[in-house]
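Read off the chains here:
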Amino acid sequence: MSLSRRGFLNGLVGCSLAASPLVTPVAFAAAPWDTRLVVIILRGGADGLDVVQPYGDANLASLRRSLSVGPERGASDLDGFFSLHPALAPLMPMWARGQLGFAHAVSTPYRDKRSHFDGQDLLEAGTDRLDDGVRDGWLNRMLQVLPGVQADTAYAIGLGQLQVLHGSAPVANWSPEADLTISPQARQLLDLVMERDPALHAAMAEAQVLDEDRGDMGDLNKQMRVLRRGDAQHVQVAEFAAKRLRADARIAAFSLNGWDTHRLQESSLNRALGRLSDTLLTLEKNLAETWKRTAVIAMTEFGRTARENGTRGTDHGTGGLAVLAGGALRGGRVIGDWPGLSEADLYARRDLMPTRDVRAHAAWMMRAATGLERSVLERTIFPGLDMGDDPGLLL
């Protein structure tokens with residue numbers, strides 16, 4: 001019996017709130033093809049307009065008065081129109097090698113309600129609408145239609161696999177050790193209660209990020225060992241993912257939190273982007289020669305408002321950004337049809353207008369990596385998807 005996030009929360013009152021590990025799981029699956037595929041879920045709604053800034057659009061500066069915009073404020077120029085947030089400057093050599101790219105103005109089919117829970121459900125299910133009866137994730141459905149798939153060595157630590165890899169195909173699970181004093185159930189209840197209050201929601205998101213960065217304050221010796229080693233949880237995840245991908249695993253999926261930037265976005269986004277940069281660089285370093293056969297796609301449930309709010313942050317929006325990386329990538333470019341940022345060009349006069357379904361980029365990457373037929377991708381893996389023209393993502 002599968003359990004949706006919504007169903008889980010509906011039964012939450014009866015659950016014990018006893019302390020238990022609160023970690024982000026990473027899931028793996030071995031497969032008979034050679035290209036490695038890494039899917040990273042950026043939980044919280046990453047602000048694509050700040051990550052890859054369209055400083056060449058004359059309307060951006062008036063929408064983002066306090067947020068860093070363009071090379072003159074420390075961003076790295078990419079192509080004369082887009083610039084890369086300063087916190088991702090360590091990735092510029094990867095960009096120069098053609099191993100980093102971005103798909104802008106993308107989104108899932110999710111619209112208007114802007115709920116993290118629904119947005120993440122739709123992103124990981126890979127469907128075009130909620131409550132359509134699909135209970136598995138799109139990565140698992142891909143494994144279900146490919147021959148010869150076997151489970152990697154099993155790891156039963158932490159919370160289990162991500163929804164994107166949930167399903168009948170064999171998948172192993174692993175999580176880094178954690179010892180926090182709030183249970184997963186309690187955290188999800190807090191998220192649900194606070195979601196409709198932007199101020200409380202932002203404060204909770206910031207506290208969670210700080211908690212993850214800090215570790216268990218009740219074990220100072222353990223914390224100091226972690227700080228000395230520099231093995232923050234996201235780095236541990238990337239190191240372990242690389243180790244498994246160098247061996248039998250071909251698919252890895254995990255999430256990075258901290259992208260819900262309702263207030264003081266400059267500082268909170270810096271931290272989130274720092275973790276993303278660390279993760280990609282750690283994957284590259286530890287994959288070694290296997291990096292040449294690796295493709296990474298980082299996706300988020302929705303973007304954020306085009307105009308910053310009164311607390312120097314941004315609110316839940318629509319169009320966003322996908323981050324692409326890997327030695328197998330044909331990168332060094334920002335892909336997409338730019339919709340413009342004038343008020344008339346915005347979705348509902350508030351958000352970046354999506355010009356392509358983010359599932360299409362994932363589908364084309366999967367087709368290049370595994371040879372799956374387009375019809376299978378559009379009907380089975382991503383029901384309701386029109387993949388459109390091939391953007392030629394992989395070498």
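Coordinates for the structure precede this section.
All values derive from a computational prediction rather than experimental measurement.

*Asks:* Would you explain unusual backbone geometry in this entry?
*Replies:* Excluding glycine, residues mostly carry a negative phi; peptide bonds, for their part, are mostly trans. Even without being glycine, Arg114 reaches a positive phi, approximately 55 degrees. Tracing the backbone shows Arg114 in the loop between strand E6 (100–107) and helix H5 (116–125). Backbone geometry at Arg349 places phi at a positive 60 degrees, although glycine is not the residue there. The topology assignment puts Arg349 in the loop between strand E11 (334–335) and strand E12 (356–357). Judged by relative accessible area, Arg349 falls into the exposed class, the value being 54%.

*Asks:* Teacher, can you tell me more about the pattern of salt bridges here?
*Replies:* Any two side chains of opposite charge can pair if their charged atoms end up close together. Within this structure, the stated rule accounts for 16 salt bridges. Residues Asp34 and Arg293 are paired through a salt bridge, measuring 3.1 Å at the closest nitrogen-oxygen approach. Residue Asp34 is located in the loop between strand E1 (26–30) and strand E2 (36–42), and its partner Arg293 is located in the loop between helix H11 (265–287) and strand E9 (294–300); the two are separated by 259 residues in the primary sequence. The class of Asp34 is partly exposed, set by a relative accessible area of 41%. Across the salt bridge formed by Asp136 and Arg141, the nearest N and O atoms sit 3.0 Å from each other. Here the residues in one salt-bridge network are Asp34, Arg36 and Arg293, joined through shared partners.

*Asks:* Honestly, helix H13 (residues 374–381) in this entry has me stumped. Any pointers?
*Replies:* Every buried residue belonging to H13 is among Leu377, Glu378 and Ile381, and all of these are buried. Down the axis of H13, the buried side of the element spans an arc of 125 degrees, and every buried residue falls inside it. Buried residues in H13 make contact with helix H6 (138–145) and helix H12 (358–370).

*Asks:* Please clarify how the sheet that holds strand E5 (residues 83–84) should be interpreted in this entry.
*Replies:* Sheet strands line up and pair through hydrogen bonds in the backbone, either parallel or antiparallel. Spatial strand order, E3-E5-E4: three strands in an open sheet with antiparallel pairing. Edge strands, defined here as strands with exactly one partner in the open sheet, are strand E3 (52–53) and strand E4 (76–77). Strand direction decides the pairing type here: E4 and E5, joined by two bridges, are antiparallel. Following the sheet pairing, Ser76 is matched in E5 by Leu84.

Quick notes on the rules
Residues numbered from 1 in each chain as written. Predicted model: local features only at pLDDT ≥ 70, side-chain atom pairs only at ≥ 80, totals over all residues. Heavy atoms only, no water. Helix = DSSP H or I, 4+ residues; strand = E, 2+ residues; numbered from the N terminus. Buried < 20%, exposed > 50% of the residue type's maximum accessible area, 1.4 Å probe, protein only. Salt bridge = Lys/Arg side-chain N within 4 Å of Asp/Glu carboxyl O. Arc of directions from axis to C-beta. Contact = heavy atoms within 4.5 Å. Pairing = 2+ DSSP bridges.

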